[in-house]
Amino acid sequence: MGAKFSSVQENLYFLLSELEKQTELVAAIYHEAPPTDLLKRIQVRQGYSNTLSEKVENECAKLKERRKSGTQYFHEVSALGGLAVLLNEYSLLCLETVREASFPHQRPHPAQNECAKLARRLKRALVLTKIGLRNRKRRTGLKLIRRSAKYLELHQRIQSITLAQANQGSQTDVQASWIANYLLKRLCMHIEKIGEALIQADIGPVATVKNYPHLKRSSTNLD
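Residues numbered from 1 in each chain as written. Predicted model: local features only at pLDDT ≥ 70, side-chain atom pairs only at ≥ 80, totals over all residues. Heavy atoms only, no water.

**Student:** In this structure, what is going on with the overall build of the chain? I would like to understand it.
**Tutor:** The number of helices and strands found in the chain is seven helices and zero strands. Element order for the chain, N to C, with α for helix and β for strand: α-α-α-α-α-α-α. A sequence separation of at least 24 residues applies to 83% of the contacts in the chain between residues at least 6 apart. Per element, the accessible surface of the chain, about 11,400 Å² overall, is 51% carbon and sulfur. (Helix = DSSP H or I, 4+ residues; strand = E, 2+ residues; numbered from the N terminus. Contact = heavy atoms within 4.5 Å. Areas by Shrake-Rupley, 256 points an atom, 1.4 Å probe, with all protein chains shown as cover.)

**Student:** Got a minute to help me understand a positive patch on the surface in this structure?
**Tutor:** Taken together, the side chains of K117, R120, R124, R136, K143, R146, R147 and K150 present a region of like positive charge at the surface. Sorting the residues of the positive patch by element identifies helix 4 (112–132) and helix 5 (137–164) as the ones contributing at least two each. Broken down by element, the residue count for the positive patch peaks at four residues, all from helix 5. Note that K117 resides in helix 4. (Patch = residues over 30% accessible without salt bridge, like charges linked within 9 Å, V, L, I, M, F, W, Y side chains within 5 Å. Salt bridge = Lys/Arg side-chain N within 4 Å of Asp/Glu carboxyl O. Lys, Arg positive; Asp, Glu negative; His and termini not counted. Charge placed at Lys NZ, Arg CZ, Asp CG, Glu CD.)

**Student:** I keep staring at the environment of A201 and nothing clicks. Help me out?
**Tutor:** One can find A201 in helix 6 (residues 171–203). As for A201 and H75, which are separated by 126 residues in sequence, their C-alpha atoms are 6.3 Å apart. Residues within four places of A201 in sequence aside, it is in contact with Q72, E76, A79, L80 and K137.

**Student:** What should I look at first to understand the nonpolar core in this one?
**Tutor:** Considering soluble globular proteins, one finds that nonpolar side chains tend to be buried as a cluster. With 57 residues, the main nonpolar core has L12, L80, L83, L87, Y90 and I191 as its most contacted residues. Elements with a minimum of two residues in this core: helix 1 (3–28), helix 2 (35–65), helix 3 (72–101), helix 4, helix 5 and helix 6. Among the elements that make up this core, the one with the highest residue count is helix 3 (13 residues). When near neighbours in sequence (up to four residues on either side) are disregarded, L83 contacts L12, L133, I194, A197 and L198. (Core = buried A, V, L, I, M, F, W, Y, C linked by side-chain atoms within 4.5 Å. Buried < 20%, exposed > 50% of the residue type's maximum accessible area, 1.4 Å probe, protein only.)

**Student:** Is there a simple way to explain the confidence of the model for the chain in this structure?
**Tutor:** Atomic detail in the predicted coordinates should be set aside for any region of low pLDDT. Here the chain averages 87 in pLDDT, and 86% of its residues register 70 or above. Within the model, the stretch residues 219–223 combines pLDDT values under 50 with four contacts to residues more than four positions away or in other chains. (pLDDT = per-residue confidence, 0-100.)

**Student:** Explain the environment of G132 to me, please; I cannot follow it from the model alone.
**Tutor:** On the secondary structure map, G132 appears in helix 4. For G132 and L198, which are 66 residues apart along the polypeptide, the C-alpha to C-alpha distance reads 8.4 Å. Leave out the neighbours within four places in its chain, and G132 touches K137 and T140.

**Student:** I keep staring at helix 6 and nothing clicks. Help me out?
**Tutor:** The periodicity of an α-helix, 3.6 residues per turn, causes residues three or four positions apart to be oriented the same way. For helix 6, which comprises 33 residues, the first-to-last C-alpha distance of 49 Å matches the rise-based estimate of 48 Å (1.5 Å per residue) to within 8%. Backbone geometry just after helix 6 places G204 at a positive phi near 100°. (Expected span 1.5 Å × (residues − 1).)

**Student:** Help me understand the environment of D202, please; the structure alone is not making it clear to me.
**Tutor:** Within the secondary structure layout, D202 lies in helix 6. We classify D202 as partly exposed; its relative accessible area is 30%. Separated by 64 residues in sequence, D202 and R138 have C-alpha atoms that sit 6.0 Å apart. The contacts of D202, once residues within four sequence positions are left out, are Q72, K137 and R138.

**Student:** What should I look at first to understand the packing of helix 4 against helix 6 in this one?
**Tutor:** When two helices pack together, their arrangement is given by the angle between the helix axes and by the axis-to-axis distance. Contact geometry for helix 4 and helix 6: axes closest at 11 Å, N-to-C directions at 15°. Comparing their axes, helix 6 and helix 4 come out roughly parallel. Every pair of crossing elements has a handedness; the one defined by helix 4 and helix 6 is left-handed. Contacts between helix 4 and helix 6 involve C115, L118, L122, A125 and T129 on the former and, on the latter, N181, L184, L187, C188, I191, I194 and L198. Each residue belonging to the contact of helix 4 with helix 6 can be placed in one class, and the counts come to 10 nonpolar, two polar and no charged. (Axes fitted to C-alpha atoms, helices over the stretch in contact; angles between N-to-C directions. Parallel < 35°, antiparallel > 145°, perpendicular 65-115°, else oblique. Left-handed = near helix turned anticlockwise from the far one by under 90°. Nonpolar A, V, L, I, M, F, W, Y, C, P; charged D, E, K, R; others polar.)

**Student:** Would you explain the pattern of salt bridges in this entry?
**Tutor:** Taken as a whole and judged by the stated rule, the model has eight salt bridges. For E96, the salt bridge is made with R99, and the minimal N-O distance between the two is 2.3 Å. Within this pair, E96 and its partner R99 are both found in helix 3, separated by three residues, close to a single helical turn. Looking at E96, the relative accessible area reads 35%, which means it is partly exposed. R138 serves as the salt-bridge partner of D202, at 2.9 Å between the closest nitrogen and oxygen.

Dropping the structure here:
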């Protein structure tokens, strides 16, 4: 499809690699100190991910200028541009999660081990996205949607632990834990959106999470 299209995929690959590092910092906030150092580190990294995202969006816009809308090529480029937007939003969520944890608290998050575990799983989802970016987009997208559902199950456990220990900390600490939980949930939901974008890059805008059962059956039949 040309050098420019390859450049889009290459920059998305770099962007995903960068988000892996940012997700590592999210996992680290639950165990490392001082957290303010982590905030400075992710603030610096976020600028790079934003630049990569904008570059992909601009490249995709140029690729679509001389292409007829409604074609498979047009849909794929559009979906990859949308994927860049989603990945930049994911980066901003990582930044907000680390920022929230960087304020001084009297005690650590009540479910800190589970939170770190969830962040590590989110990183593995980004690795999977990178692997499936060049081929097998549909299968990879379906895997991401399934994983997102499992991540949300772990998030429910985090919520339960946080609620059970709500009376053991200050009001400030409890509020901070709930905000951190909310941001982690949004990261999990973004994995689903990333999966949907990959499927759309393969088969067009008809691919949505609502169509997931049908897409799963179609993928099985094709295999």
